[in-house]
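# Coordinate inspection notes
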Amino acid sequence: MCGIRAGVRLARECGAQVVHCRSYIAGLMGLAVKRATGAKYVFDMRGFWPDERVDGGIWRKASPQYRVFKAVERRLFLGADHVVSLTRAGVREFERFDYLQGRVPPVSVIPTCTNLDLFRPVPPAAATSSFTLGYIGSVGSWYMFEEVAKVVRMLFDAQPDARFKVINKGGHDAIRQALGQAGVDLSRVDIKAVSYDQVGVEVGGMDAGIFFIKPAWSKRASCPTRMGEFLACGKPCLANGGVGDVEEDFVQTSTGVPIRDWSDATLREALAKLLDLTQQPGMAERCRQAAEDRFSLAGGVREYSAIYRRLSGQGAA
């Protein structure tokens, strides 16, 4: 209620033509602002939030919280003048909602964007013939790091000089524990925390990236930030499908290896494909091009600008 009051006051003071809301709580505020002032309303959904709470074990589907926010979700979609989704897969899901049949608002897909100036191909600090697999970001919650550790062990067994580099803040003990339990030789693992503007430099010292995310239904609307960052640095990836557009993007651009299960046979085959991918001529350029085409921060800015201009009656120029 405080947000609604402040939002209505600010919108009236500045004559706002568009109110842009990220996720559901902000969406409730923005919908009220639209009704009070006549401003156009952008629902930037970010994901299926009520279902993420259920899939994450925070709520139950039978809980009143879930039922209330699924009703809220309906109001947000039906009240939107424009919807922004992180993924094409997310759009395909909500287009099937019964209450949106014949009533789907205009939609734009704008993935989680990557700053291509900070994340770019850079030569490694020192030339080395050993293969380095890389991981960046958090390891808890939705991320399946135990399965990553299993792949690292397989890599080390296959290549005695291979290494594993992790860029992470706050989870170093959990990382070491998971790797140790998987039988990984920790003397061949580098774990460090760096400032955000140095992450791209660290990725430059990797040959490929890896990340696994729990493939719950709600994650079809999610776009892993680290995917764009790896690709922008020219690094192919090993990841799982069932999350956003990951599998579709890898298949279309030939910049990664998607998997659908975590059996030992699947992981070994996927690791072999990843190693082969890193040896293909022009792979760094191909990855960079995919990032520029799909995850560019400048491209995201242009997309949002076009939405604002259209809703405010200024055209799409």
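Please refer to the structure placed before this passage.
So, here's what we can say about the structure. Predicted model, so just to flag it, every value in this text is computed and none were measured.

### Some details on the nonpolar core
- Counting residues in hydrophobic clusters, the biggest one holds 65 residues, and the most contacted among them are Leu 133, Phe 164 and Phe 212.
- Here the element with the most residues in this core is helix α6 (residues 145–158); it accounts for eight residues.
- If we skip the residues at most four places from it in the chain, Phe 164 touches Leu 133, Gly 134, Tyr 135, Phe 145, Val 148, Val 152, Phe 156, Leu 179, Arg 188, Val 189, Asp 190 and Ile 210.
- One finds Leu 31, Val 72, Val 83 and Val 91 within the second-largest nonpolar core, a separate group that totals 27 residues.

### Observations concerning the environment of Leu 275
- Secondary-structure assignment places Leu 275 in helix α11 (residues 264–278).
- For Leu 275, a relative accessible area of 18% corresponds to the buried category.
- With 10 residues separating them along the chain, Leu 275 and Glu 285 place their C-alpha atoms 17 Å apart.
- Every residue in contact with Leu 275, bar those within four places of it in the chain, is listed here: Phe 131, Leu 155 and Gln 159.

### A look at the sheet that holds strand β2 (residues 40–44)
- Within the open sheet, the four strands sit side by side as β1-β2-β3-β4. Their pairing is parallel. Each of the sheet's edge strands pairs with one partner strand only, and the pair in question is β1 (18–22) and β4 (107–109). Across this sheet, the average inter-strand angle for adjacent strands is 20 degrees, counted without regard to direction.
- Pairing of strand β3 (residues 82–85) with β4 involves three bridges; the strand directions are parallel. Bridging across to β4, Val 84 finds its partner in Ser 108.
- Contacts from helix α2 (residues 23–37) reach β1 and β2, with the element oriented near 160 degrees to β1.

### Things to note about the sheet that holds strand β9 (residues 237–240)
- Pairing in this open sheet of six strands is parallel, and the strands run β7-β6-β5-β8-β9-β10 from one edge to the other. Either end of the sheet is taken by a strand with one partner, and the two such strands are β7 (189–192) and β10 (256–259). Neighbour-to-neighbour, the strand axes of the sheet open up by a mean angle of 20 degrees, direction not taken into account.
- Looking at chain direction, strand β8 (residues 208–211) and β9 are connected through three bridges and run parallel. Bridge assignment links Gly 209 to a residue of β9, and that residue is Cys 237.
- Here α6 sits on the sheet in contact with β5 (132–136), β6 (163–167), β7, β8 and β9, set at roughly 150 degrees to β6.
- Running over the sheet, helix α10 (residues 246–253) touches β9 and β10 and is turned about 140 degrees from β10.

### What about the environment of Ala 89?
- Within the secondary structure, Ala 89 is located in helix α5 (residues 88–94).
- Overall, the relative accessible area of 9% leaves Ala 89 in the buried class.
- The spatial distance from the C-alpha of Ala 89 to the C-alpha of Arg 153 is 32 Å, given a sequence separation of 64 residues.
- Once you skip the residues sitting within four places of it in the chain, Ala 89 turns out to touch Arg 220, Gly 244 and Asp 245.

### Some details on the environment of Ala 39
- Looking at the secondary structure, you find Ala 39 in the loop between α2 and β2.
- Of the residues examined, Ala 39 reaches a relative accessible area of 3% and is grouped as buried.
- The spacing of Ala 39 and Gly 15 is 24 residues in sequence and 8.6 Å in space, taken between C-alpha atoms.
- Look past the residues within four positions of Ala 39 in its chain and what remains in contact with it is Ala 16, Gln 17, Val 18, Val 19, Lys 34 and Asp 81.

### Here's the deal with the pattern of salt bridges
- What the rule picks out here adds up to 22 salt bridges.
- Among the ionic pairs, Arg 176 bridges to Asp 173, the shortest N-O distance being 3.8 Å. With Arg 176 and Asp 173 both in helix α7 (residues 172–181), this residue pair falls three residues apart, about one helical turn.
- Note that Glu 269 is salt-bridged to Lys 273, the shortest N-O span being 3.5 Å. Here the residue Glu 269 and the residue Lys 273 both occupy positions in helix α11, the gap between them amounting to four residues, near one helical turn.
- According to the relative accessible area criterion, Lys 273 is partly exposed, its value standing at 47%.
- Taken together, the shared-partner salt bridges connect Arg 88, Arg 92, Asp 245, Glu 248, Asp 249 and Arg 294 into one network.

The rules behind the values
Counting from 1, residues in each chain are numbered in the order their sequence is written. Under the rules for a predicted model, residues below a pLDDT of 70 receive no local features and side-chain atom pairs below 80 are neither given nor counted, while totals for whole chains, interfaces and linings still include all residues. Computation of side-chain values covers all heavy atoms of the structure but excludes hydrogens and water. Residues enter a nonpolar core if they are buried and are Ala, Val, Leu, Ile, Met, Phe, Trp, Tyr or Cys, with the set joined through side-chain atoms within 4.5 Å. For every residue, the accessible area obtained with a 1.4 Å probe (protein chains only) is divided by the maximum for its type, and the residue is called buried under 20%, exposed over 50%, and partly exposed between those limits. Secondary structure is summarised from DSSP: a helix means a run of H or I of at least four residues, a strand means a run of E of at least two, and numbering begins at the N terminus for each. The contact criterion used throughout is that any non-hydrogen atoms of two residues lie within 4.5 Å. One bridge is not enough; two strands pair if DSSP finds at least two bridges between them. Only the stretch in contact is used when a helix axis is fitted, and all axes are lines through C-alpha atoms; the angle between N-to-C directions ranges over 0 to 180 degrees. The salt bridge criterion pairs a side-chain nitrogen of Lys or Arg with a carboxyl oxygen of Asp or Glu, the two atoms within 4 Å.

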